[in-house]
Amino acid sequence: MKKQSSKINTVIPKYDPSLVEKKWPHFAKASRSKQDYNPQEIEKKWQDYWNKNKTYQPDLDANPSVDSAGSPQAGSLRQGSGQAGQGKPFYNLMMFPYPSAEGMHVGNMYAFTGSDVYGRFKRMQGNDVFEPIGLDGFGIHSENYALKVGRHPKEQARISEENFYRQLHAIGNGFAWDNKVETYDPDYYKWTQWIFIQLFKKGLAYRKKASVNFCPSCKTVLADEQVITGKCERCGSEVVKKDLEQWFFKITDYAERLLNNIDGLDWTEKVKIAQRQWIGRSEGAEVEFKVQSRQGRDKINVFTTRPDTLYGATFMVLAPEHPIVASLLNSKFKIQNSKFNEVKEYIKIAQSKTEQERIAEGREKTGIDTGLTAINPVNNEEIPVWVADYVLMGYGTGAIMAVPAHDTRDYEFAKKYNLQIKPVIKPIEDFYIGYVKRAWSKDFDKFIKELEKLGVRFKEKNKDSAIYEVKEKNLLRFIEIAKESVLQNAWHDLVGEKLIVIFGDGEIASIELFEENNPVWEKMKTLEKTVRKYSDIWEMLYESAYRERVCYLGSGEVINSGKDWEDYFVPDAIPKIIDDLEKKGIGKRKIHYHLRDWLISRQRYWGPPIPLVFCENCAKKIKNQKSKIKNEGGFNKGEIGNPGWIAIEDEDLPVLLPDVKDWKPKGTGESPLAGIESFVNTKCPNCGGPAKRETDVSDTFLDSSWYFFRYISTEINDVPFPSPAFSQTQQAHAENDARSGSTKNQSLHGSLSETLSKTKDLKSKNNQTAFNSFSNDLPSSSKIGNSARTAAWLPVDMYIGGAEHSVLHLLYSRFITMVFKDLGLIDFEEPFSKFRAHGLLIKEGAKMSKSRGNVVIPDAYIRKFGADTLRLYLMFLGPFKQGGDFYDTGIEGMHKFVKRVWTLVHNVILSKAKDPDSSAKPQNDRFDEAQRMMHKTIKKVTEDLEELRYNTAIASMMEYYNFLAKEQSISKEQISTFIKLISPFAPHVSEELWHIIENQNSVHKASWPGYEEKYLKEKNSNIIVQINGRVRDVLTVDLGDVNDKQKITETASRSPKAQKYLDNRPIQKIIYVPGKIINFVLKELPNGNG
RNA sequence: GGGCAAGUGGCGGAACGGUAUACGCGGUAGUCUCAAAAACUACUGGUCGCAAGGCCAUGAGGGUUCGACUCCCUCUUUGCCCACCA
């Protein structure tokens, strides 16, 4: 692009009514006295305007047409309708924040802005965009913060809410404020509890003893994510394990479905990989080992992915928590007294170990022989049974068969306790031999050439090392040559280096050929002996590997494993062996998942109480008549599976969180609610007898696993979200509009008695509505299908959030959605059609953290520069999907840019030089160039926005600005296009400028500009002239000649600059890429001077 | 230990296999000013050269190609996630 020398006019001219009024009536109407850019004033003005006009509030019921495809085609350039309610529903969701009173982190704003830019873009493309916001205010984060500042969580929630919503307003996002949710709102958690009950009834909730993290100093149970390398996140003291009864959700029942669906999701690949890994499917076999003791027999099942190594199993290891171990201590197996005490002692130590200790031990394996023996079912060999804490109760069966020859952990353990090691897999024929060398010598190169003659395949060679591929049969010869070369001193540099032997499927060993103190000769003698001694090369290498304390993990041939399995190749052996095991009845095919059931209960205060009661009466009843009940209807699956636990009736929801003073975690492992008698003691919903409430609250991840459903139904009080299952309730919606004002505030700030009385109110109110009716018609009477609203808006079209939620939140949401489908509430099972993870924002090279004290709070920047500047800067500082670095100087530069844009637009209006009409007349070069620039920018910005490449979109707008600023005249189209393009990033200033130019509704409802290919073409084409791939000249060629290779070649070769290099030398080849490049490849000259 | 990213000027970062360093920050000089700030103008990877121009540069080393930041191997560094997963 040619550089224009004309000066950019940066002074806003005085307002001259006679000049302006005719051409810019809207500007004149605005009759502004000051034309300086004042972000505070402008941003307040337009935020008020948007609120008043409900600019971003779609009519959720305006789209009765069911089009489950949802989002319009990516990159669609169709013109928008310009009116909300007419476009296609587009659910633009961002992960809602958990609020802290410290205020919104700039990282939050980064994510929200990125999401909002996309939403605004989609809105201008003609979609009816729904962009809701809420607060994930329940849960451990918020409670911990309350603990820290010494305030009641409810009080803290009120403060945080106010502060957070103020900030969320200030950043200028196009939120649908009518639809906000807070997870601690009883009208919200009523449904969280309802969902819990649905899972319970479906048999997806159960109780189990689990060891949980416990901080002795804070006297509280901690979630896994609060344990940082074995220490409490809050106080830093060491975390211990404690066994407690806990509620679990059977997410593992959905493991296969959760895994299989991943392939079809349009999600950030990284997140998909993380989910697959988290689910961690592994195929293998469960094999039964008989255990012998003096008094009896028992069996232990083990899970293995390597049944091919069964013959190599030389001992067994049990987890300390394994039930057999417990029975051992009950003397069921009556082992010798000495062992009894040792085992008891070991288990005691293992269980008292803190996480920190286990990490500090560097995974040094410990264990104890139980004195028991097991029978290896394939060869009937007796093998010892050990207990060791490297085996985990939580995976597989909590017991393993140990194959030290082919598993590193078993190997380490066997080495330490001198247990038998028996190799059963032989590496296959191909392997590589390599050696490392610090400096080449000429002799060494000779040696290599000799090897190559032998047919040894060259694999790799660089400055420091070489790797050769050698067939097993050639190995002897290889070593001989190596030996010779050493004797010839070619290897003199090799002292202290290693010979690395790599088999076809992975590294096996590094053999120390030359130890530091030994002379070369000594070592070679050893090698010579070795070579002679072992005619079977593999054995030699195996021995070497064995000496090197390495076990072989790779694939190969099965050996030492009986006639049936010998000589099979591992991949073929595994299925065959499993078949054999099944035939013999000693094992079966089994799939295991790394995914564990979801531990849902928390012994905490700040969460939705789990809506169950325990009734002794019903417990007895169920236990006594279990077999009968199964076939009758009286109890649901959850109640039968968990005798005595009875679900709260729907009309009694919510179970309000009592408003109490003593809310801090107890040291007992019980929830603070357990101490409140008026809460605990209640009636059994089933038999009416005395019962006790569950006092645990549910995990905060449950709150956030369904919030996107609630957004579309916030004004509806008697269903969680619109669904045909709740069809009877549609009428009642409107009546409940008043909910947020009255009920919520009471419940948040009321006393215990108030909240209890409110429970009554709710009850009676709900009884009048259809609230209790839906439980009757679920799920049988409902037809599978969607209500119009759910069909129109869900699943979410675009979900943007942090990669830190790759696993838990996204997986739990998917699980809950699947359960909803299975309940017949919806007809889809994946909640987020498209998900994109944004990157991490850092501050001047360092991660933002409280401990570093470099957390950026956006408020001060918004006050100083305005939200528009900050938004633009955040989007500019790096690729949105990758994150970026926040520099204070950078934001000042962006502020300049915003001011320049402001000035430019005012200049267009107020100055003669920038006459908006003049460009309408002359179809000259400048006009064409301006058109081209405009269309080019539209194309670039449009494509970049679709792919979330915000930084380059802004860069291209800057280029466009730089172009416009130097133009003598700018058309109205040019300037209004510019405003439209920048409006998703800078919503306020663009709205202001839009109104003084166009005075239409809102720039945010204007249609996104389209571009036409015909304007993108340049008149001339620049063709790069290369000689031997090096740029020597650039030709400017008329567009018409671009495809004429002959002509281009002639022109190019005549170019003086090219001539200099062509120098009449013979041309071997001419590469011509039309319109781009012509490359002359010259024949190489002997002493090529290139 | 496993998985996933990423290494480009002083800095943040651009580059469908085709003029590396767009855009911005910072810096230098200048215009305006009594002066400063702001704003604007010009220059700004390294190196040799008066200049024209040349040469060298995308973590390191190889490979593929007429041509490699881009594709393929090997290594290395950094960041993130998971981690005794049988």
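Scroll up to find the structure.
Quick caveat, the model's predicted, so the values are computed rather than measured.

(A) Molecular detail of the protein's contact with RNA strand B. Inspection of the region around RNA strand B gives 54 residues, with Thr305, Arg409, Pro879, Lys1076 and Asn1079 positioned closest. What you see for RNA strand B is that sugar and phosphate hold 63% of its atoms within 4 Å of the protein. Residue Leu392 places a main-chain N or O atom 2.6 Å away from a base nitrogen belonging to RNA strand B. At 2.8 Å, a side-chain N or O of Arg1030 approaches a phosphate oxygen of RNA strand B. Counting residues per element, the surface near RNA strand B draws most heavily on helix H34 (residues 950–966), which supplies six residues. Its residues assigned to classes, the surface near RNA strand B comprises 22 nonpolar, 14 polar and 18 charged.

(B) Structural view of the packing of helix H33 (residues 925–946) against helix H35 (residues 972–982). Packing of H33 against H35 brings their axes to within 11 Å, and their N-to-C directions diverge by 15 degrees. Classed by the angle they form, the pair H33 and H35 counts as roughly parallel. In terms of crossing hand, the pair formed by H33 and H35 is left-handed. Together, Ala930, Gln931, Met934, Thr937, Ile938 and Val941 of H33 and Glu973, Gln974, Thr977 and Leu981 of H35 make up the contact between the two elements.

(C) Just the sheet that holds strand E30 (residues 690–693), in detail. A sheet is described by the order of its strands in space; here four strands give the open sequence E28-E27-E30-E29, paired in antiparallel fashion. Among the strands making up the open sheet, the edge pair consists of strand E28 (645–647) and strand E29 (681–683). Between one strand axis and the next, the sheet turns by 45 degrees as a mean value, whatever way the strands run. When strand E27 (residues 612–614) meets E28, the two strands line up antiparallel, connected through three bridges. For Phe614, the partnering residue across the bridge sits in E28 and is Trp645.

(D) Structural context of the pattern of salt bridges. In this structure the tally under the stated criterion is 42 salt bridges. The residue Glu245 makes a salt bridge to Arg207 at a minimum N-O spacing of 3.2 Å. Placement of the pair is Glu245 in strand E9 (residues 240–249) and Arg207 in strand E5 (residues 205–215), with a sequence separation of 38 residues. Take Glu245: its relative accessible area is 38%, and that puts it in the partly exposed class. Taking the shortest distance from any N to any O, the salt bridge between Asp888 and Lys843 comes out at 4.0 Å. Residue Asp888 is located in helix H32 (residues 888–910), and its partner Lys843 is located in strand E34 (residues 840–843); the two are separated by 45 residues in the primary sequence. On the accessibility criterion, Asp888 (31% relative accessible area) is partly exposed. Taken together, the salt bridges that share partners define one network made up of Arg257, Lys821, Asp822 and Glu829.

(E) Just unusual backbone geometry, in detail. Cis geometry is adopted by the peptide bond preceding Pro654, which originates at Leu653 and carries an omega value of 0 degrees. Backbone torsion omega between Leu794 and Pro795 reads -5 degrees, so that peptide bond is classified as cis. Relative to the assigned elements, Pro795 resides in the loop between helix H28 (788–793) and strand E32 (798–802). Within the chain, Lys54 stands out as a residue other than glycine whose phi angle is a positive 50 degrees. Structurally, Lys54 can be placed in the loop between helix H3 (39–53) and strand E1 (88–94).

(F) Looking closely at a nonpolar patch on the surface. On the surface, a nonpolar cluster with roughly 230 Å² of combined accessible area is contributed by Ile1024, Val1031 and Val1034. Here Val1034 falls in the partly exposed class, since its relative accessible area comes to 46%.

(G) Spotlight on the packing of aromatic side chains. Tallying each qualifying case throughout the model produces 53 aromatic pairs. In textbook terms, an aromatic cluster arises when at least three aromatic residues are bridged by ring pairs, as seen for Phe96, Trp267, Tyr707, Phe708, Phe709, Tyr711, Tyr799, Phe820, Phe828, Phe832 and Phe835. Cation over ring: Arg693 sits above Phe679, and NZ or CZ is 5.4 Å from the ring centre.

(H) Seen up close, helix H29 (residues 808–822). Between the first and last C-alpha of H29 there are 21 Å, a value that for 15 residues agrees with the 21 Å anticipated at 1.5 Å per step. With 12 of 15 residues buried, H29 is to be regarded as a mostly interior element. Along H29, the residues classified as buried are His809, Leu810, Leu811, Tyr812, Ser813, Arg814, Phe815, Ile816, Thr817, Met818, Val819 and Phe820. Following H29 by one or two positions, Gly824 adopts a phi angle in the positive range, close to 80 degrees.

(I) Quick peek at the nonpolar core. Grouped together as the largest cluster of nonpolar side chains are 188 residues, with contacts concentrated most on Tyr91, Leu168, Trp598, Phe820, Leu874 and Phe985. Among the elements that line this core, the one with the most residues is H32, at 11 residues. Apart from residues lying up to four places away in sequence, Trp598 is in contact with Trp247, Phe248, Phe249, Ile251, Asp699, Phe701, Leu702, Ser705, Tyr812, Phe815 and Ile816. Counting 54 residues, the second-largest nonpolar core is a separate cluster that includes Val302, Ala399, Tyr411 and Ile578.

Cut-offs used in this document
- Residues numbered from 1 in each chain as written.
- Chains lettered and ligands numbered in written order.
- Predicted model: local features only at pLDDT ≥ 70, side-chain atom pairs only at ≥ 80, totals over all residues.
- Heavy atoms only, no water.
- Near = heavy atom within 4 Å.
- Polar contact = N/O pair within 3.5 Å; in protein donor to acceptor, adjacent residues only side chain to side chain.
- Helix = DSSP H or I, 4+ residues; strand = E, 2+ residues; numbered from the N terminus.
- Nonpolar A, V, L, I, M, F, W, Y, C, P; charged D, E, K, R; others polar.
- Axes fitted to C-alpha atoms, helices over the stretch in contact; angles between N-to-C directions.
- Parallel < 35°, antiparallel > 145°, perpendicular 65-115°, else oblique.
- Left-handed = near helix turned anticlockwise from the far one by under 90°.
- Contact = heavy atoms within 4.5 Å.
- Pairing = 2+ DSSP bridges.
- Salt bridge = Lys/Arg side-chain N within 4 Å of Asp/Glu carboxyl O.
- Buried < 20%, exposed > 50% of the residue type's maximum accessible area, 1.4 Å probe, protein only.
- Patch = residues over 30% accessible without salt bridge, like charges linked within 9 Å, V, L, I, M, F, W, Y side chains within 5 Å.
- Areas by Shrake-Rupley, 256 points an atom, 1.4 Å probe, with all protein chains shown as cover.
- Phe/Tyr/Trp six-rings, centres within 6.5 Å; stacked < 30°, edge-to-face > 60°.
- Lys NZ or Arg CZ within 6 Å of the ring centre and 35° of its normal.
- Expected span 1.5 Å × (residues − 1).
- Core = buried A, V, L, I, M, F, W, Y, C linked by side-chain atoms within 4.5 Å.

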